[in-house]
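The chain contents come next:
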Amino acid sequence: MSLGYASRLSWKEDYGGQLGTRELHDKGDVVEKKVERLAEWFSSASGIIVFTGAGISTSCGIPDFRGPKGVWTLQKQGKPPPELKMSFEMSKPSYTHQAIATLVSRGKISYVVSQNVDGLHLRTGIPRDKIAELHGNCFAERCSKCKKEYIRDFEMKTVGFKPTGRKCSAPQCSGGLRDHILDWDDALPEAELQKSEEHAQKADLAVCLGTSLQIIPACDIPLETVNEGGRLAIVNLQKTPKDGDADLVIHSRVDEVMRSLMGRLKIKVPNFLRRDWFVFLHRQSLPKETSARRQTCTFEFEVVSPHGVHHCTMPMLESVTIEFPDEPGVEPHFMSEPPFRWKCVGKMEKMNLRVVLGFGEGADEDKRSGVVYYVIDPLERADYLERKEFANVEKSRGVMVIKEETHSFITQEVRYELDEGQESPDLSPQKRKKRKL
């Protein structure tokens, strides 16, 4: 959660820069003229770099930090933190996130530099080599040995490059993993900072979206474009220290500006679809022969994270129900918390399972469940012994993994394009207030 992330940072009395400055709203017609100019620059530019801040995520339900009701602003005033409408784990990308990803995929935006740690840029599908996450990512952990990065679907519990308790899975490595989230006094990642500066120098247009541009050295990156003769455009509700260096400043909500921009560029923003992945597996013990010369064994069926069994949560999964369609008299087995594991001792007979996954409030209402039909086909004693030589048997329970299947489910969908006949958002704050009344 965003406030959870903020609470994990070291205490700091001085947050640097200004907090809680007044928000400004350009009039609707003024915004339209400015966006028209921005669209012309987009069309003619050969290289565009986009610099993003917390302001592009506020429409996702994630509070900003320096706005009038920002996390640091209220904390400095001794007030309670702002209301958290959505956790990082369940947040859906804003129109701006998806528009940026669309422009990256079309080659219009060459590079994205973000100060955000909410992971929403990567969730929209921006390739990792097209973005610098200068302050880290709450869903990322890196190997301290080989530097391999892992992007998870669950949030790290620490900040400041602390051990997460997991190991690297790269061949011949097994180094310890650490969170990749900067604390206050941590230096920016040198490689990503350098790459950001290089792209800014090559760009002929730098666009800053939803950032107060106050934290050094990140805030100076867009000026690299200006110093090389390129243009700078800033879209933010508050004044920034770099406004005087900009060729264009738009005081309006970034989603409204980006919607207007994409309309002028005649580029549609595709729907966002979130897929959550789960691994279905079953384990079996070595079959034993009974007095009647019939074999029996222990079976275990479990739903686990694709990131591994140990220390890996599944934020979207709320419950698992196992049903037995071939045995109407057997009651379903319901599990409401991990481990989502069902165990039984039975005969060496094939079992057909109907597995119903229940998803939490982060899923759309019409996507709160998923169904998988899973077959447990017992492994005979001779086959088990042969395979045992090449597999790791979990000695604590005396079982061996027999089969794994990976399944995905669409749990969220966001439609960004307006329906035919639907009015586009009015950029005038006065008219927005009238509609609310």
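The rules we used
Residues numbered from 1 in each chain as written. Predicted model: local features only at pLDDT ≥ 70, side-chain atom pairs only at ≥ 80, totals over all residues. Heavy atoms only, no water. Helix = DSSP H or I, 4+ residues; strand = E, 2+ residues; numbered from the N terminus. Buried < 20%, exposed > 50% of the residue type's maximum accessible area, 1.4 Å probe, protein only. Contact = heavy atoms within 4.5 Å. Areas by Shrake-Rupley, 256 points an atom, 1.4 Å probe, with all protein chains shown as cover. pLDDT = per-residue confidence, 0-100. Axes fitted to C-alpha atoms, helices over the stretch in contact; angles between N-to-C directions. Left-handed = near helix turned anticlockwise from the far one by under 90°. Pairing = 2+ DSSP bridges. Polar contact = N/O pair within 3.5 Å; in protein donor to acceptor, adjacent residues only side chain to side chain.

Colleague: Can you help me understand the overall build of the protein in this one?
Modeller: Looking only at helices and strands, one finds 10 helices and 20 strands in the protein. With 437 residues in all, the protein has 51% of them scored as buried. A fraction of 67% describes how many contacts in the protein between residues 6 or more apart in sequence connect residues 24 or more apart. Of the accessible surface of the protein, which amounts to about 22,200 Å², a share of 48% is contributed by carbon and sulfur atoms.

Colleague: Where do I start with the confidence of the model for the protein in this structure?
Modeller: One rule of thumb: low pLDDT means the predicted coordinates there are not for detailed reading. Looking at the protein as a whole, its pLDDT mean stands at 88, while 89% of the residues score no less than 70. A low-confidence stretch, residues 424-437 (pLDDT under 50), is modelled with 21 contacts involving residues beyond four sequence positions or located in other chains.

Colleague: Got a minute to help me understand the packing of helix α4 (residues 95-105) against helix α8 (residues 254-265) in this structure?
Modeller: Any two packed helices are characterised by how steeply their axes cross, that is the angle between the axes, and by the distance between the axes. At a minimum axis separation of 8 Å, α4 and α8 run at an interaxial angle of 35°. Taken as a pair, α4 and α8 cross one another with a handedness that is left-handed. In this structure, α4 uses Y95, T96, A99, T102 and L103 to contact α8, whose residues at the interface are V254, D255, M258, R259, M262 and L265.

Colleague: Looking at this structure, I do not really get the pairing of strand β13 (residues 295-304). What am I missing?
Modeller: Looking along a regular strand, one sees the side chains alternate between the two faces of the sheet. Along β13, nine of the 10 residues are buried, which leaves the element largely enclosed by surrounding structure. In terms of strand pairing, strand β11 (residues 272-285) meets β13 through six bridges, oriented antiparallel. Its bridge partner lying in β13, H282 is registered against F301. With two bridges connecting them, strand β12 (residues 288-289) and β13 associate as antiparallel partners. Directly across from K288, in β13, lies its bridge partner T296. As paired strands, β13 and strand β16 (residues 340-347) are joined by eight bridges and run antiparallel to one another.

Colleague: Please clarify how the environment of N137 should be interpreted in this entry.
Modeller: Counting through the fold element by element, N137 comes out in strand β4 (residues 136-143). Classification of N137 as buried rests on a relative accessible area of 1%. Taking the C-alpha atoms as reference, N137 lies 8.8 Å from M156; in sequence the two are 19 residues apart. Not counting the four nearest positions on each side in its chain, N137 is found in contact with V117, G119, L122, I151, H180 and I181. Polar side-chain contacts of N137 include one of 3.1 Å to the side chain of E133.

Colleague: It is not clear to me how the pairing of strand β17 (residues 351-359) should be interpreted in this structure. Could you clarify?
Modeller: Here β17 lies mainly inside the structure; seven of its nine residues are buried. Of the pairings in the sheet, the one linking strand β14 (residues 317-323) to β17 comprises six bridges and is antiparallel in character. The residue bridging V320 from the neighbouring strand is L357, located in β17. Bridging between β17 and strand β18 (residues 369-376) involves eight bridges; their strand directions are antiparallel. Paired with R354 across the bridge in β18 is Y373.

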